[in-house]
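The residues making up each chain are set out below.
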Amino acid sequence: MSRRLGKMKVKTVGEGEGMMPMQVALPGVTGEDLAELKRWYWSKELSQDPHAAVFHIDVRSYVLQLDGMNVLIDTCCGNDKQRSVPWADRLQTEWLLNLARAGLEPADIHLVLCTHLHADHVGWNTRLENGRWVPTFPNARYVFSRKDYEFFGRQTHEAHNREAYIDSVLPVVEAGLADIVESNHCVHREIEDGIWLEDASGHSPGSVVVHAQRGGSQAVFTGDVIHHPIQLVRPDIAFFADESPAEACATRQRLLAQYADRGAVLFPAHFSDPPSGRVYRAKRYFCYEFLALASA
Ligand SMILES: [Zn+2]
């Protein structure tokens with residue numbers, strides 16, 4: 001999918017999809033919440049029974065094209081990676097082919113931005129070459145947030161995210177291609193417009209969202225601030241994989257309120273296709289209008 005937003009173009013590069021019971025992903029969602037969601041969102045997996053409802057996620061990257069730059073945002077799980085969770089273990093997907101279908105080779109990527117350093121957002125940072133993990137994008141600078149780089153650098157965390165740090169983050173740093181930055185880092189600036197990061201800690205300590213603005217058009221790549229549309233109906237319930245549940249809920253509500261007020265177009269990492277849309281205030285919390293942006 002390729003979409004134009006003013007002078008910006010956004011392409012999606014899909015890797016796969018997954019699902020889990022709603023009550024595992026977001027414990028406490030009620031039938032009333034699902035009925036509220038159904039007013040503006042339809043999915044065949046979304047039963048009105050909270051114990052039968054399925055929480056579906058797509059796994060994808062985005063490529064933002066702006067000012068002649070190709071900016072890759074999040075890099076999915078990657079191929080050949082040994083992981084201690086089955087959903088990410090030794091995958092063989094068509095992600096690289098999907099990048100080519102979007103008209104891009106790895107050498108065309110100028111910047112890689114990871115919204116956080118979980119295993120499903122850093123995998124294609126590297127690929128296997130002659131038994132070694134080498135950076136997939138040889139001409140890119142890779143931007144990692146300092147807080148996540150330090151957090152996942154410690155031994156004590158969830159095994160699959162620690163594994164991802166070792167084979168998908170460290171080799172990039174060792175190759176000299178990484179910039180370890182603060183969570184409000186400005187990536188690219190052009191007279192009031194540009195690309196910058198904003199702190200979105202909670203899902204992980206160094207989670208960020210990526211803002212892009214050009215000529216009145218605003219896009220925001222929200223990473224894992226939200227995974228599924230039900231989280232606009234219940235932004236107050238912690239997602240099971242949030243590292244700091246209370247902080248993640250506060251961040252989610254703060255950022256959704258900001259997006260509702262400013263009218264930015266969201267590009268969430270894990271919504272089903274087509275994912276982009278705008279946030280509006282609803283009776284209790286928020287709702288979402290999915291946007292079919294102009295094809296390009
Ligand atoms: Zn994720």
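Residues numbered from 1 in each chain as written. Predicted model: local features only at pLDDT ≥ 70, side-chain atom pairs only at ≥ 80, totals over all residues. Heavy atoms only, no water.

**A word on the overall build of the chain**
Consideration 1: For the chain, the count of helices and strands is eight helices and 17 strands.
Consideration 2: Against the 2.2 N^0.38 benchmark of 19 Å for 296 residues, the chain shows a C-alpha radius of gyration of 18 Å, consistent with a compact globule.
Consideration 3: Projected onto the principal axes, the alpha-carbon positions of the chain cover approximately 55 × 45 × 35 Å.
Consideration 4: Considering the chain as a whole, with its 296 residues, one finds that 57% of them fall into the buried category.
Consideration 5: Counting only contacts in the chain whose residues sit at least 6 apart along the sequence, the fraction spanning at least 24 positions is 67%. (Helix = DSSP H or I, 4+ residues; strand = E, 2+ residues; numbered from the N terminus. Rg over C-alpha atoms; globule rule 2.2 N^0.38 Å. Buried < 20%, exposed > 50% of the residue type's maximum accessible area, 1.4 Å probe, protein only. Contact = heavy atoms within 4.5 Å.)

**Details of the coordination of the zinc ion**
Consideration 1: Within the protein, the zinc ion binds to Asp120 (OD), His121 (NE2), Asp224 (OD) and His270 (NE2); these donor distances fall in the range 2.1 to 2.2 Å.
Consideration 2: Note that the zinc ion binds four donor atoms; their angles at the metal cover 89 to 156°, and the shape is irregular. (Donors = N, O, S within 2.8 Å, 3.2 Å for Na, K, Ca; no water. Tetrahedral: all angles 85-135°; square planar, octahedral: opposite > 155°, others 65-115°.)

**Re the nonpolar core**
Consideration 1: Counting residues in hydrophobic clusters, the biggest one holds 35 residues, and the most contacted among them are Met22, Phe55, Ile230, Leu232 and Val279.
Consideration 2: Of all the elements in the fold, those that place two or more residues in this core are helix 1 (22–25), helix 2 (31–38), strand 3 (54–66), helix 7 (230–233), helix 8 (245–262) and strand 16 (286–290).
Consideration 3: Top contributing element to this core by residue count: helix 8, with five residues.
Consideration 4: What Leu232 contacts, discounting residues up to four positions off in sequence, is Trp40, Ile226, Leu256, Phe271, Val279, Tyr285, Phe286, Cys287 and Tyr288.
Consideration 5: Counting 28 residues, the second largest nonpolar core, distinct from the first, contains Val112, Phe137, Phe144 and Tyr149. (Core = buried A, V, L, I, M, F, W, Y, C linked by side-chain atoms within 4.5 Å.)

**Considering the environment of Ala140**
Consideration 1: In this structure, Ala140 sits in the loop between strand 7 (132–135) and strand 8 (141–145).
Consideration 2: Remark: the alpha-carbon pair of Ala140 and Ala260, spanning 120 residues in sequence, is separated by 33 Å.
Consideration 3: Those residues in contact with Ala140 that lie beyond four places of it in its chain are Ile109, His110, Leu111, Val112 and Leu177.

**Brief notes about unusual backbone geometry**
Consideration 1: For the peptide bond that leads from Asp273 to Pro274, omega is -10°, which places it in the cis range.
Consideration 2: Even without being a glycine, Asp67 presents a positive backbone phi close to 50°.
Consideration 3: With respect to the element layout, Asp67 can be found in the loop between strand 3 and strand 4 (69–73).
Consideration 4: Looking at Asp67, the relative accessible area reads 41%, which means it is partly exposed.

**Quick notes on helix 2**
Consideration 1: Considered for burial, the residues of helix 2 that qualify are Asp33, Leu34 and Leu37. Projected onto a plane normal to the axis of helix 2, the buried residues spread over an arc of 95° and lie on a single side. Among the exposed residues of helix 2, those oriented more than 90 degrees off its buried face are Glu32 and Lys38.
Consideration 2: Summarising the contacts, the buried residues of helix 2 are in contact with helix 1 and helix 7. (Arc of directions from axis to C-beta.)

**As for the packing of aromatic side chains**
Consideration 1: Overall, the coordinates contain 15 aromatic pairs when judged by the stated rule.
Consideration 2: Aromatic side chains Trp95 and Trp124 sit 5.3 Å apart centroid to centroid with 15° between the ring planes, which places their arrangement in the stacked category. In this pair, Trp95 is assigned in helix 3 (residues 95–101) and Trp124 in the loop between helix 4 (119–122) and strand 6 (126–129), connecting sequence segments 29 residues apart.
Consideration 3: Ring centres of Tyr142 and Phe144 lie 6.2 Å apart, and the angle between their planes is 55°; this geometry places the pair in the tilted category. (Phe/Tyr/Trp six-rings, centres within 6.5 Å; stacked < 30°, edge-to-face > 60°.)

**Considering the state of the cysteines**
Consideration 1: Within the structure shown, the criterion is met by zero disulfides.
Consideration 2: Unpaired in terms of disulfides, Cys76 finds its nearest cysteine sulfur in Cys77, a separation of 6.7 Å.
Consideration 3: Classification of Cys76 by relative accessible area gives buried; the value is 0%. (Disulfide = S-S within 2.5 Å.)

**Some thoughts on the pattern of salt bridges**
Consideration 1: Per the counting criterion, the structure on display carries 17 salt bridges.
Consideration 2: Taking the shortest distance from any N to any O, the salt bridge between Arg127 and Glu129 comes out at 3.3 Å.
Consideration 3: Look at the salt bridges and you will find they share partners, linking Asp33, Arg234 and Asp236 into a network. (Salt bridge = Lys/Arg side-chain N within 4 Å of Asp/Glu carboxyl O.)

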